[in-house]
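Residue-level structural notes
Chain by chain, the residues run as shown.
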Number of protein chains: 2
Amino acid sequence: MTQPVRHDAMRARNLGLVLGEVHRAAPLTRAALAELTGLTKSTVSKLVGDLVDAGFLAETGPARVGERGRPGVSVVLSGARVASLGLEVNVDYLAGCVLDLSGTVRFSRRIERDNRGRRPARVLRSLQKLADGLLAEAEAAGLSLAGAVLAVSGPVADGVLASAPNLGWRDVRAADLLRLPVPVSLENEANLGALGELWFGAGSPEFLYVSGEIGIGAGLVVGSELFRGARGLAGELGHVVVSSSGPGCRCGARGCLETYAGQEAVLTAAGVRTVEALVRQLAADDPRAVRAVAAAAEALGLALTSAVNLLDLDRIVLGGIFGPLFRWLAPAAESVLADRLGPLRGSVPVLAPSTLGATAATLGAAGTTIHRVLADPASFPVR
Amino acid sequence: MTQPVRHDAMRARNLGLVLGEVHRAAPLTRAALAELTGLTKSTVSKLVGDLVDAGFLAETGPARVGERGRPGVSVVLSGARVASLGLEVNVDYLAGCVLDLSGTVRFSRRIERDNRGRRPARVLRSLQKLADGLLAEAEAAGLSLAGAVLAVSGPVADGVLASAPNLGWRDVRAADLLRLPVPVSLENEANLGALGELWFGAGSPEFLYVSGEIGIGAGLVVGSELFRGARGLAGELGHVVVSSSGPGCRCGARGCLETYAGQEAVLTAAGVRTVEALVRQLAADDPRAVRAVAAAAEALGLALTSAVNLLDLDRIVLGGIFGPLFRWLAPAAESVLADRLGPLRGSVPVLAPSTLGATAATLGAAGTTIHRVLADPASFPVR
């Protein structure tokens, strides 16, 4: 009774092993794969054949000169069949993208709209339409969906969006409101943004990703993995205390980072309505805009000081609105970090701008499924 | 050539397996051990025999009724031979203890003295004497030292105490200044305090340990392991920002938690010279003492709010001076946490007093070596 199970488990493990090596170092010949995995050439040939048939791998031209033995056909990850869907509900937009197994964004959509005060069911109905459009495009391109992940702008525990104060939502099973042909998992947008930057952007195996939107969140990556905390609620940088008697925050407390450096706080202080307008005013040295961003930068520097003291960070990637504001925001924040951390630590973390911008969370969402498929292809339909 | 190596590696693994099971659930018979480890009874008997000969295990009376098969002799961890040394240099004391493999403290010593402004070599000479005394006691009791760990009150990276602003030390290889018959490793005292509480005290698999001394540090335990951050410097709770324009801190910044809730700050505000005197004044409802602790509690609540937002904590153990002050300090700190975290998280972390008090770090230090021995007994001299 146990033989077939063991055989299947070993085959599943070996499929993941082969796919993982191709992901790390494609293109690879079957001979190179046998050497890297320690499997026999005939086992590798069988596994590669199955993975090609299933649409996970594609064959490409002969290997380069210099490879040992006679040149063989190489394999790469195939973008032709397996794909994943990343979706995002944020306070002022809806977004989604389809990523294929080779890591290429095939289709993406984005709708700017203010979701504050709108009921979850209504917002998710709009997202359903956006997702249906993406799925139709994917299907027309011959892609088959392996899974979907939905990013939301608040802490997520056990599949529930616990609270999104900027949307006015509480305890929402947002993923259950979507009807998709694959299961949908729910995750915090800053965590997914961190994974997006780790896999496709400015991340590194150890860094903090800061997502500056109407709310401010953060995702901590340690050893190339997300640090989630006891219940998956870690990274609420927006509610780190900057001043205990500061302005009232939507969370119910006072003087949280969000009240100084959240999108609404900065735009209001600068007297403009959009981030684009703020950037124009900054470029023109408008004193009110400069003062608004300086205040946000100081608050961000103070909150990041607390974060570095607790988490020991060497690299911090600033995303969301902090991306376009980076050249005005970063020097002042770095100066706070240097003043407060320099003497004790002897070094100050590097601040870097997000390279993915507003697409970080949807890319992280779509990439999550791609990484699950690469780690365990046997769990996904292999025909 | 590889056969003997593989055999040794497997034997080492199996020795650790057997010792681990005894650690979790002693007393155990050889038959129970065979069942738990999946090894054959004859392999277990051989391994147990070797571990008894080496002084890691001891035989005890027949197993209780109800055990399957005929009652056999059980084994437990032996406290008779293998021991470890835990040492601590703090701002106002030196301490050490000898722990045997069964987890019993066999000998301990403590010297109260102000080490501020004294050179590392001089302080470590005093600690050497304390350690020599403990080693003589251990030797006289027939104990053999497996290792030593030294706790210091500042961030440690790569074996170097980077900075201990309250001692006035910087970049000190403190462990190298000791002459002991075993290698000495260096570690931050709050990290070791966290491990002490995890293994012997009020800890749990996920919690934050706060060490309130002249400096304030913290050790984060996640999945029963220390979280160390990118360079091992995580947990500097004492320099989390409480108020950016607050009192000057020894670290060079302003308004760090330490300037409000560190031992010196609290005693000065209360107008007393010792923690014992402060406790007496609090018990007598002295208004100045009550005000001093209320201010410290509010600052601690604010810094812990930032920590919970970033780390997602459900349990916080307060150690050092926060232990004796717990009943006056905790309610006010909890009230800040409830006000600031309640609405967003829907729950507030539990505050609990340390059960080990000032011995947490030396117990964690000594326990570190004991856990290394239990995980890999073959790496320690087995005669």
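Residues numbered from 1 in each chain as written. Chains lettered and ligands numbered in written order. Predicted model: local features only at pLDDT ≥ 70, side-chain atom pairs only at ≥ 80, totals over all residues. Heavy atoms only, no water.

Chain A carries the name ROK family transcriptional regulator in an unreviewed UniProt entry, which gives Amycolatopsis ultiminotia as its organism. In the Sequence similarities (unreviewed entry) part of its UniProt record, chain A is described as follows: "Belongs to the ROK (NagC/XylR) family." (UniProt positions renumbered as here; feature names shortened; annotations may be inferred.)

**Side note on the UniProt feature "domain: HTH marR-type" (unreviewed entry) in chain A**
Mapped onto the present numbering, the UniProt feature "domain: HTH marR-type" (unreviewed entry) falls at residues 17-60 of chain A. Secondary structure content for residues 17-60 of chain A is 68% helix and 14% strand, while the C-alpha to C-alpha distance between its ends is 20 Å. (Helix = DSSP H or I, 4+ residues; strand = E, 2+ residues; numbered from the N terminus.)

**Quick word on the pairing of strand β13 (residues 216-222) of chain B**
Regular strands place side chains that alternate from one sheet face to the opposite one. All names here are of chain B. When you tally the buried positions in β13, you get six out of seven residues, the bulk of the element. In this sheet, β13 lies alongside strand β12 (residues 207-212) in antiparallel orientation, the contact comprising six bridges. Counterpart to Tyr209 in the pairing with β13 is Gly219. The turn joining β12 and β13, which pair antiparallel and follow one another in sequence, is formed by three residues. Bridging between β13 and strand β14 (residues 225-227) involves three bridges; their strand directions are antiparallel. (Buried < 20%, exposed > 50% of the residue type's maximum accessible area, 1.4 Å probe, protein only. Pairing = 2+ DSSP bridges.)

**Structural notes on the pairing of strand β15 (residues 315-320) of chain A**
Residue and element names in this part refer to chain A. When you tally the buried positions in β15, you get five out of six residues, the bulk of the element. In this structure, strand β12 (residues 207-212) lies alongside β15, joined through five bridges in parallel fashion. The residue bridging Ser211 from the neighbouring strand is Gly319, located in β15. Alignment of β15 against strand β16 (residues 350-353), held across four bridges, turns out to be parallel. Note that in β16 the partner of Leu318 across the bridge is Pro353.

**Comments concerning the packing of helix α7 (residues 263-270) of chain A against helix α9 (residues 287-311) of chain A**
Between two packed helices, the angle of one axis relative to the other and the distance separating the axes together describe the packing. All names here are of chain A. Close contact between α7 and α9 brings their axes to 8 Å; oriented N to C, the two are set at 150 degrees. By the angle between their directions, the pair α7 and α9 is classed as roughly antiparallel. As α7 runs across α9, the sense of the crossing is right-handed. Along its contact with α7, which presents Val266, Thr268, Ala269 and Ala270, the element α9 presents Arg288, Ala289, Ala292, Val293 and Ala296. (Axes fitted to C-alpha atoms, helices over the stretch in contact; angles between N-to-C directions. Parallel < 35°, antiparallel > 145°, perpendicular 65-115°, else oblique. Left-handed = near helix turned anticlockwise from the far one by under 90°. Contact = heavy atoms within 4.5 Å.)

**Some details on the interface of chain A and chain B**
Every contact between the two is made by 40 residues of chain A and, on the other side, 40 residues of chain B. At the surface where chain A touches chain B, the tally comes to two salt bridges. Notably, a salt bridge pairs B:Asp314 with A:Arg231, separated by 3.4 Å at the nearest N-O pair. Taken together, the connections running from chain A to chain B amount to 24 residue pairs in polar contact (both at pLDDT 80 or more). The element contributing the most residues to the side of chain A that touches chain B is α9(A), with seven residues. (Salt bridge = Lys/Arg side-chain N within 4 Å of Asp/Glu carboxyl O. Polar contact = N/O pair within 3.5 Å; in protein donor to acceptor, adjacent residues only side chain to side chain.)

**Observations regarding the environment of B:Thr362**
Residues and elements named next belong to chain B. Tracing the sequence through the fold places Thr362 in helix α11 (residues 360-375). Between the C-alpha atoms of Thr362 and Val89, which are 273 residues apart in sequence, the distance is 9.7 Å. Not counting residues up to four positions away in its chain, the partners in contact with Thr362 are Gly86, Leu87, Glu88, Ala95, Gly96 and Cys97.

**What to know about the side chain of A:Ser84**
Relative to the elements of secondary structure, A:Ser84 occurs in strand β4 (residues 82-89). Taking the relative accessible area as the measure of exposure, A:Ser84 reaches 0% and is therefore buried.

**Looking at the packing of helix α9 (residues 287-311) of chain B against helix α10 (residues 326-345) of chain B**
Residues and elements named next belong to chain B. Packing of α9 against α10 brings their axes to within 8 Å, and their N-to-C directions diverge by 35 degrees. Here α9 and α10 pass one another in a crossing that is right-handed. Contacts between α9 and α10 involve Val293, Ala296, Ala297, Glu298, Leu300, Gly301, Leu302, Leu304, Thr305, Val308 and Asn309 from the first element and Trp328, Leu329, Ala332, Ala333, Val336, Leu337, Arg340, Leu341, Leu344 and Arg345 from the second. Looking at the contact of α9 with α10, its residues break down into 15 nonpolar, three polar and three charged. (Nonpolar A, V, L, I, M, F, W, Y, C, P; charged D, E, K, R; others polar.)

**Considering the domain arrangement of chain A**
Residues and elements named next belong to chain A. What the domain assignment lists for chain A is domain 1 (2-77), domain 2 (82-195 + 360-379) and domain 3 (202-355). With both chains or domains summed, domain 1 and domain 2 bury close to 790 Å², and 78% of this area falls on carbon and sulfur atoms. On inspection of domain 1 and its partner domain 2, the count reaches zero salt bridges. In this structure, the connection of domain 1 to domain 2 is made through zero residue pairs in polar contact (both at pLDDT 80 or more). For the side of domain 1 that touches domain 2, the class distribution of residues is seven nonpolar, four polar and no charged. (Domains from an automatic or database assignment. Buried area = accessible area lost by both parts, 1.4 Å probe.)

**A short note on the environment of B:Cys251**
Its place among the elements puts B:Cys251 in the loop between β14 and α6 (258-261). Taking the C-alpha atoms as reference, B:Cys251 lies 7.9 Å from B:His239; in sequence the two are twelve residues apart. Each residue touching B:Cys251, except ones within four places of it in the same chain, is listed here: A:Arg340, A:Pro343, A:Leu344, B:Pro165, B:His239 and B:Cys256.

**Comments concerning the packing of aromatic side chains**
Enumeration over the complete set of coordinates arrives at one aromatic pair over all chains. Ring plane angle 45 degrees and centroid distance 4.9 Å describe the contact between A:Phe227 and B:Phe227, whose orientation is recorded as tilted. Of this pair, A:Phe227 sits in strand β14 (residues 225-227) while B:Phe227 sits in strand β14, on two different chains. Summarising the burial analysis for this pair, A:Phe227 and B:Phe227 share the class buried. Across from the ring centre of A:Tyr93, 3.9 Å away, lies the NZ or CZ of A:Arg110, which sits over that ring. (Phe/Tyr/Trp six-rings, centres within 6.5 Å; stacked < 30°, edge-to-face > 60°. Lys NZ or Arg CZ within 6 Å of the ring centre and 35° of its normal.)

**Comments concerning the nonpolar core**
In this structure, A:Leu237, A:Leu278, B:Leu237 and B:Leu278 are the most contacted members of the largest nonpolar core, which totals 98 residues. If we skip the residues at most four places from it in the chain, A:Leu278 touches A:Val266, A:Leu267, A:Ala270, A:Val272, A:Ala289, A:Val293 and A:Leu325. (Core = buried A, V, L, I, M, F, W, Y, C linked by side-chain atoms within 4.5 Å.)

**Topic: the sheet that holds β12(A)**
Residue and element names in this part refer to chain A. The sheet built from five strands is open, its strands ordered β14-β13-β12-β15-β16 with mixed pairing. With one partner strand each, in any of the chains shown, β14 and β16 form the two edges of the open sheet. Sheet twist, expressed as the average angle between the axes of neighbouring strands with direction ignored, equals 30 degrees.

**Concerning the relation of the copies chain A and chain B**
Placing chain A over chain B gives an RMSD of 0.0 Å and needs a rotation angle of 180 degrees, together with 0.0 Å of translation along the axis. Such a turn and shift between the copies fits a two-fold axis. Residues of chain A ranked by C-alpha distance from the rotation axis are headed by A:Ser243, positioned 3.0 Å from it. (Least-squares fit on C-alpha atoms with pLDDT ≥ 70 in both.)

**Let's talk about the sheet that holds strand β8 (residues 156-157) of chain A**
All names here are of chain A. In spatial order, the strands read β8-β9-β10; together these three strands make up an open sheet with antiparallel pairing. The sheet terminates laterally at β8 and β10 (169-172), the two strands that pair on one side only. Here β8 pairs with strand β9 (residues 160-164) via two bridges, running antiparallel. If you follow Val156 over to β9, its bridge partner there is Leu161.

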